[in-house]
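Okay, here's what each chain looks like letter by letter:
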Amino acid sequence: MEKSLIETDTHLSQYLSSLSNGDDRKFSLGGCSSYDTDSVASRSSGVFSGYDTLDTPPSYDFYSNTEIFGRAKKSRPSLFQLHSNPQDDPSPPPLYEESSVDKQSPDEDEPTEPPPEPARFGWAQGVMIRCMLNIWGVILYLRLPWITAQAGIGLTWIIILVSSSITGITGLSTSAIATNGKVKGGGTYFLISRSLGPELGGSIGLIFAFANAVAVALMQVGDMEKDVSMVDKLNDIRIIGVITVTCLLAISMAGMEWESKAQVLFFFVIMVSFASYIVGTIIPATPEKQAKGFFSYRADIFAENFVPGWRGLEGSFFGMFSIFFPSATGILAGANISGDLKDPNVAIPRGTMLAIFWTTISYLIISATIGSCVLRDASGYINDTVSSLSGECLGVGCNYGWNFTECMTNKTCPFGLSNYYQSMSLVSAFAPLISAGIFGATLSSALACLVSAPKVFQCLCKDKLYPGIGFFGKGYGKNNEPLRSYLLAYIIAICFILIAELNTIAPIISNFFLCSYALINFSCFHASITNSPGWRPTFRFYSKWLSLLGAVVSVIIMFLLTWWAALIAIGIVIFLLGYVLYKKPDVNWGSSMQASSYNMALSQCVGLNQVEDHIKNYRPQCLVLSGPPCMRPSLVDFISTFTKNHSLMICANVITGGPSPGSVDSAKISTHLKWLDKRRIKSFYHTVVADDLHVGVQMLLQSTGLGRMKPNVLVMGFKKNWRKACDHSIFFLSDAFDLQYGACVLRMKEGLDISRTMQAHGMEYFKTNFLKIFYSLSLDTRSSTTTTSPTIDTSRLQGKKTIDVYWLSDDGGLTLLLPYLLTRKKRWGRCKVRVFVGGEAQKVEDQKQELKALISRFRLGFQDVQVLPDINGKPQSEQYSFIHSIAVTTFCTYLIETMHQRFKHFSHMFVQSLRQIRLNEVIQDYSRDAALIIVTMPVGRRGACPSSLYMAWLEIVSRDLRPPVLLVRGNQENVLTMYCQ
């Protein structure tokens, strides 16, 4: 023993030494297969070096969807590969290693050089400058002084701060969403759709892209308010607008690098205009400027302009707020080019929040400075001095030797903050620089919108949520530029410029932007409130309640701006939302709506635990032994008819055999759920893997469901080959009865399992063409029946046929409840329900009236009740042959199994068999033309009724019947009540 330990220690030392010396030999431990220690898994971690294992250390490749040029992407081994025995696996999995960089003969088709890197922008150039330029606009130059005159410096500051608070909250929400995972191109649409799902994201993406395209036209109106005239006002807008937008298109299509350089140039121009303005406020005013109301900084002017001076119909706080608020928007300009940013997770939060901060400061400074320098009213006449006039002098201008009393009294003053929109040009040290600033602000905003619209629309096109737009999603060049979308946005902008009447469309476009802000805030709130483990934003400076406040306030502002435009915008969003909900696109982005649905479902299911079952709320919750649903479409369609939107339905499948990759793949539910969804069947699908069919059904009966949401009725099809499989069939029903389940067995003359029809082509054909067959079955076969797919045609109205119910034994009322549920559906609504019961010839009328009274108390609406006194008579002699052959075989088996202790029971069973024959004869006579026959199923005693005999009963009752036959047995507990409590 000691010697062996010494030898083992020696071998281990040699082994470790070989590893440290870089030996590249293969090692094998025990009976496992050997692996090359020079694999990536071995090189990446010394912990695993030399050991025969597929386990690998954590790697970025395992979590990334992208590949790095020059090496193959590693993949994580599956749990089955780790858990399985390599000796039992004839084809062991490949090693999880990268491709060697020392390839002797590289593939000619593979590129030898990495693709060119696209232009990427940082937080300053890509987000902050872009957002600041989009926030600054003509309102800053042409409307802010007028708003200051109307609301006063104090309320103007409040308007600015409230507006910035709303946009700031939206910026915080945007930052939180943008840092909750890797952000790709698509901007606002990408953020909302990946958070709230394709329904809201798609509708907002479409209107947001359209709004940006139209905003390009709206931005040109600012230039028209300068004192420039070529032809006339209307045609000036058209000429200048078309030329300007064409130039902007050329810049955009040249690439993001050129567009970014143009934005930097515009930013420099605006900064120079601000500097000119600030310098102008300090320079002493000339007499010409004083005559127009500018006196440089004066305390009494500041005091007078600090308080409101409302004028006109718009003279109110909300009126000024509705005019100013659009100038505070534009905070999404940086996020809209998220695909062109180096690190969107850093750039979007930092750039957006800094842009909001600096633009807010600039608005506050300009409103305070211009309110301290310029009077509200001035005549502009150099002779309107105090010395030249006699009489009373009104206004602060009197303190500086100017008398504007006449124009103030007549309200005809052409200058001053309240009358002259270009007051900033008056104050500026060099007025043309302010014109250049207006020009730069207009072009920069238009350029940002012209870039944002195609970028957002391109992502929407690639997601294929709407038909006919995929053509515009194609990208070109290293930056994947959406040139087709650029041309589309250009055409839209040109069309609205040529119309030139933008006052009507402008409020709707503003509300489109506000809808986007509202949904971004709601996205952040909703993702936070659902407590999804996937909501882990790295940006922590947000509050879900502030986000909710921002969403609510955004909606309120929509109605404050223009109520009718708000209604139109919301209506368009709802219409687009309804379309996507109807189409149900095949996308799964892990949205917060999914998390919310889970939370609500979980809460409701847990809440049901506190609610005791009541007869009035009883619903037949069906566990359907359908196998793959597409193999028994008739069974699935029929049960769905009375469970849809009413009760629980679970299609179940048992896969026999031990755990294996094949059985695990077969148990996947996605393809079967797609089939159910295509046929509009609202059902769950559940699969178990078991050693045999009986064990699998036992597992389903005991484990299917959740809390109160669990099945109470077992549904199966009638097996024509029950003589071979009778043990399983009887055991299914026996187990169901033992577990207090009701039971239903559906039999059709054509059969239910269409896999046999497919086997007529040969199993090899079926295996090789499974997907083709599966998707052909996915079509709505209810609208077109074929000879190879036996179905109950539930797509058409059943007309004035009958549903015949043979209520032969009281099972608690399930036999009556199912036809009632069927008649509530449109397809079966015109069918007349006839109820047949057994009785005595002497008491037919009494029993009929008694049963009608009972059914009327159940409020089922069944009026046709018939008593069959001859149901207990002897069957015709020609029907004996079948039951005789079954009886003899069953008797011999039964006698051997039980000896002679229970022989007397067999005589009773034979009598019961004769009764089933007579029942079949009665059904043949009365229900030959019925749409559906429902019969109370007999119950065989466990251990007393052989399985062959019981299946023979079911065979006899339902044989040779043209209509579908549903054998029903409740669990002997009431499912109908005549009481209201």
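About the thresholds
Positions within a chain are numbered from 1, following the residues in the order the chain's sequence is written. Local features in this predicted model are restricted to residues whose pLDDT is 70 or higher, and side-chain atom pairs enter the listing and the counts only when it is 80 or higher, whereas totals over whole chains, interfaces and linings include all residues. Side-chain calculation: all heavy atoms of the structure are included, whereas hydrogens and water are not. UniProt positions are given in the numbering used here, feature names are shortened, and annotations may be inferred rather than shown by experiment. Helical segments are the DSSP runs of H or I of at least four residues, strand segments are the runs of E of at least two, and each set is numbered from the N terminus. Classification of residues uses two cut-offs on accessible area relative to the type maximum, computed with a 1.4 Å probe and protein chains only: under 20% is buried, over 50% is exposed, and between them is partly exposed. Any two residues whose heavy atoms approach within 4.5 Å at even a single point are treated as in contact. Residue-level accessible areas treat just the shown protein chains as cover; the underlying method is Shrake-Rupley with a 1.4 Å probe. Along the chain, pLDDT gives the predictor's confidence residue by residue, from 0 to 100. The pairing test for Phe, Tyr and Trp rings, Trp by its six-membered ring, is centres within 6.5 Å, and the orientation test on the planes gives stacked under 30 degrees, edge-to-face over 60, and tilted for anything in between. Whether a charge sits over a ring depends on NZ of Lys or CZ of Arg being within 6 Å of the ring centre and within 35 degrees of the ring normal. Detection works on a 1 Å grid of protein atoms alone, calling trapped sets that fit a 1.4 Å probe cavities and calling open sets with protein on both sides within 12 Å along at least five of seven lines pockets, with lining residues defined by an atom within 4 Å of a point. Grid points are joined across faces, edges and corners, and a volume is the space filled by probe spheres set on the points. Just so you know the grouping, Ala, Val, Leu, Ile, Met, Phe, Trp, Tyr, Cys and Pro go in nonpolar, Asp, Glu, Lys and Arg go in charged, and all remaining residues, Gly too, go in polar. Each pair of strands is called paired provided DSSP finds at least two bridges between the two strands. Angles here are taken between N-to-C directions and fall from 0 to 180 degrees, while the axes themselves are lines fitted to C-alpha atoms, restricted in helices to the stretch in contact. We define a salt bridge as a side-chain nitrogen of Lys or Arg found within 4 Å of a carboxyl oxygen belonging to Asp or Glu.

- Under an unreviewed UniProt entry, the name given to the protein chain is Solute carrier family 12 member 3, and the organism recorded is Cyprinus carpio carpio.
- Taken from UniProt, the Subcellular location (unreviewed entry) comment for the protein chain reads in full: "Cell membrane".
- A UniProt comment under Sequence similarities (unreviewed entry) is attached to the protein chain, and it reads "Belongs to the SLC12A transporter family."

1. A few points about the overall build of the protein chain
- Along its length, the protein chain carries 34 helices and 12 strands.
- Looking at the protein chain as a whole, 50% of its 981 residues are labelled buried.
- Partitioning the contacts of the protein chain with sequence separation of at least 6, the portion at a separation of at least 24 is 79%.
- Accessible surface, the protein chain as shown: approximately 47800 Å² in total, 58% of it carbon and sulfur.

2. Some remarks on the confidence of the model for the protein chain
- This prediction gives the protein chain a mean pLDDT of 80; 78% of its residues lie at or above 70.
- Here residues 93-108 is modelled with pLDDT under 50, and outside its nearest four sequence neighbours on either side it reaches 24 contacts, counting other chains as well.
- Here residues 760-791 scores under 50 on pLDDT; set against residues more than four positions off or in separate chains, the count is 41 contacts.

3. What about the packing of aromatic side chains?
- For the coordinates displayed, the defined rule picks out 27 aromatic pairs.
- With 6.2 Å between their ring centres and 85 degrees between their planes, W146 and Y421 make a pair best called edge-to-face. Of this pair, W146 sits in helix α5 (residues 138-178) while Y421 sits in the loop between α14 (405-410) and α15 (423-427), and the two are 275 residues apart along the sequence.
- Taken together through their ring pairs, the aromatic side chains of W136, Y141, F267 and F274 make up a single cluster.
- We note K261 situated over the ring of W258; from NZ or CZ to the ring centre the distance is 5.0 Å.
- Taking NZ or CZ as reference, K474 lies 5.3 Å from the ring centre of Y476, over its face.

4. A closer look at the layout of surface pockets
- Here the largest pocket defines a volume of roughly 2100 Å³.
- Around the largest pocket sit 48 residues that line it, and K584, L673, D677, I681 and S683 are the ones nearest its centre.
- Every element with two or more residues in the lining of the largest pocket is listed here: α7 (198-219), α20 (563-583), α21 (592-608), α24 (670-678), β5 (684-690) and α29 (770-778).
- No other element matches the 9 residues that α21 contributes to the lining of the largest pocket.
- When grouped by side-chain class, the residues that make up the lining of the largest pocket number 25 nonpolar, 13 polar and 10 charged.

5. Concerning the sheet that holds strand β7 (residues 742-747)
- Taking strand neighbours across the sheet as the criterion, the 10 strands line up as β5-β4-β3-β6-β7-β12-β11-β8-β9-β10 in an open arrangement whose pairing is mixed. A strand with exactly one partner marks an edge of an open sheet, and here the two such strands are β5 and β10 (864-868). Here the average twist between neighbouring strands, direction ignored, is 20 degrees.
- Where strand β11 (residues 932-936) lies against strand β12 (residues 965-969), 4 bridges are found, and the strand directions are parallel. Paired with I933 across the bridge in β12 is V965.

6. Some remarks on the pattern of salt bridges
- Within the structure shown, the criterion is met by 13 salt bridges.
- Residue D463 is joined to R194 by a salt bridge in which the shortest nitrogen-to-oxygen separation is 2.9 Å. Placement of the pair is D463 in helix α16 (residues 431-463) and R194 in helix α6 (residues 187-196), with a sequence separation of 269 residues.
- A relative accessible area of 16% places D463 in the buried class.
- The exposure class assigned to R194 is partly exposed, which follows from its relative accessible area of 22%.
- For the salt bridge of R959 with D960, the shortest nitrogen-to-oxygen distance reads 3.7 Å.
- Assessed through its relative accessible area of 22%, R959 is described here as partly exposed.
- It is possible to trace a salt-bridge network through shared partners that takes in D340, K455 and E481.

7. Brief notes about the side chain of D735
- When you line up the elements, D735 lands in helix α26 (residues 722-738).
- Excluding residues that lie within four positions of it along the chain, D735 makes contacts with H694, Q698 and L701.

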